[in-house]
Amino acid sequence: MSRINSEKFYKNAIKKHGISAQGVCWIDSARQQLRFDVLHSFLPKDLSSFCVVDAGCGFGDLYHFLKNNQNLPQKYIGIDAVSEMCSLAKEQTQQEIIQANILRAELPSADYYICSGAMNILTRFETTLFIRQCFEASKKGFIFNVLYGNRESEIYNYLNKKALEDIAQELGVKKISFRDDYLENDITMGFFK
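Basis of the calculations
Residues numbered from 1 in each chain as written. Predicted model: local features only at pLDDT ≥ 70, side-chain atom pairs only at ≥ 80, totals over all residues. Heavy atoms only, no water. Core = buried A, V, L, I, M, F, W, Y, C linked by side-chain atoms within 4.5 Å. Buried < 20%, exposed > 50% of the residue type's maximum accessible area, 1.4 Å probe, protein only. Helix = DSSP H or I, 4+ residues; strand = E, 2+ residues; numbered from the N terminus. Phe/Tyr/Trp six-rings, centres within 6.5 Å; stacked < 30°, edge-to-face > 60°. Contact = heavy atoms within 4.5 Å. Arc of directions from axis to C-beta. Disulfide = S-S within 2.5 Å. Pairing = 2+ DSSP bridges. Axes fitted to C-alpha atoms, helices over the stretch in contact; angles between N-to-C directions. Left-handed = near helix turned anticlockwise from the far one by under 90°. Nonpolar A, V, L, I, M, F, W, Y, C, P; charged D, E, K, R; others polar. Salt bridge = Lys/Arg side-chain N within 4 Å of Asp/Glu carboxyl O.

A. Representation of the nonpolar core in the model. Counting 35 residues, the largest nonpolar core has Tyr-113, Met-119, Phe-130, Phe-142, Phe-144 and Phe-191 as the members making the most contacts within it. Contributing elements (two or more residues each) for this core: β1 (51-55), β2 (75-80), β4 (110-116), α5 (124-137), β5 (138-148), α6 (161-171) and β8 (186-192). Grouped together as the second largest cluster of nonpolar side chains are 17 residues, Val-38, Leu-66, Ile-114 and Tyr-182 included.

This is the structure:
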C-alpha cells in the first residue's frame, strides 16, 4: 500500500499550482526539462516510426518536450491514474490518454515506455512492480528516472544503484544504461531488451 494517497497528493498540487511543473510536483520547470533532456538522450534520434507510452504522463509535458525537440513518435500514448491529469493531458496534447493504475492495469504494447517522476512517491515494492509492468509491456525498453540514494523519507522513495541493478537482473534486462550526473539525488535508467 502507498505510504501516501497519490491521487490526493497530485490533486492538491494541481489545485495549488495549476498546469505547471509544480502542478505535477517538480520544484521548477528547469529541473523537469533537464530530466526530459536526459530521458530523451536514451531514445533513438528519430522516433517517427516508434510508439512511445508516457507512464504517469501528468499534463502531457513530455509530449510537448518531444514536439519542441522535433522528435515526436509515430504514436504517443499517455497513462495516468489521476482523472484530472488525464483530462488536462488529453486537452493539452490531443493524443490518446488512458486513465489507469499502472500497478494493476493491462498495459498497451509499445516500443518504448518512459516515466519521469511518477514512481517517486511509491513504496519500493510498488516501484519494482511499476518497472516490471512497463518493461514487460515494452518491445525495446523502459527509460525512467527515480530519486537516487539511501535516504529515508516518509513521502519519497529513494533507490540506490544496487537495488536498481537487482530489479534489472530479476527482469532479465539485456542492457542497462544510466546517468546520475545531472541533478543531486536523481538517476535516469534505461532497461533495454
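Further notes follow.
B. Up close: the packing of aromatic side chains. Counted under the stated rule, the structure contains five aromatic pairs. With a centroid separation of 5.2 Å and 85 degrees between ring planes, the pair formed by Phe-144 and Phe-191 is classed as edge-to-face. Taken together, the residues Phe-144 in strand β5 and Phe-191 in strand β8 connect sequence positions 47 residues apart. When its relative accessible area of 0% is taken as the criterion, Phe-144 is described as buried. Aromatic ring contacts, followed pair by pair, group Phe-142, Phe-144 and Phe-191 into a single cluster.

C. Seen up close, the side chain of Thr-127. On the secondary structure map, Thr-127 appears in helix α5. Relative accessible area serves as the criterion here: at 1%, Thr-127 is assigned to the buried category. Setting aside residues up to four positions removed in sequence, Thr-127 forms contacts with Met-119, Leu-122, Asn-157 and Leu-159.

D. Examining helix α3 (residues 61-68) more closely. Inspection of α3 places Leu-62, Tyr-63, Phe-65 and Leu-66 among the buried residues, and these make up the whole buried set. An end-on view of α3 places all buried positions within 160 degrees of arc, on one side of the element. Those residues of α3 that are buried lie in contact with α2 (29-41), β1, β2, α4 (83-93) and β4.

E. Structural context of the state of the cysteines. This structure, assessed with the given rule, holds zero disulfides. Cys-115 takes part in no disulfide bond, and the closest cysteine sulfur to it belongs to Cys-134, at a distance of 6.5 Å.

F. Local environment of the pairing of β8. Most of β8 sits out of view: seven of its seven residues are buried. Pairing of β5 with β8, which is carried by seven bridges, proceeds in the antiparallel orientation. Counterpart to Phe-144 in the pairing with β8 is Met-189. Between strand β7 (residues 175-179) and β8, which pair antiparallel in sequence order, lie six residues; one of them, Asn-185, sits at a positive phi of approximately 65 degrees.

G. Molecular detail of the packing of α2 against α3. Two elements in contact, α2 and α3, have axes separated by 11 Å at closest approach and are oriented at 65 degrees. Crossing angle aside, the handedness with which α2 passes α3 is right-handed. For the pair formed by α2 and α3, the contact residues are Gln-32, Gln-33, Phe-36, Asp-37 and His-40 on the first element and Asp-61, Leu-62, Phe-65 and Leu-66 on the second. Considering only residue class, the contact of α2 with α3 consists of four nonpolar, three polar and two charged.

H. Quick look at the pattern of salt bridges. Following the criterion strictly, the structure yields six salt bridges and no others. The partner of Arg-132 in a salt bridge is Glu-136, and the shortest N-O contact between them spans 3.2 Å. With Arg-132 and Glu-136 both in helix α5 and four residues apart, the pair spans about one turn of that helix. Close ionic contact of Asp-181 with Arg-179 constitutes a salt bridge, the shortest N to O distance being 2.8 Å. What makes Asp-181 exposed here is its relative accessible area of 58%. Where salt bridges share partners, they join Arg-132, Glu-136 and Glu-170 into one cluster.

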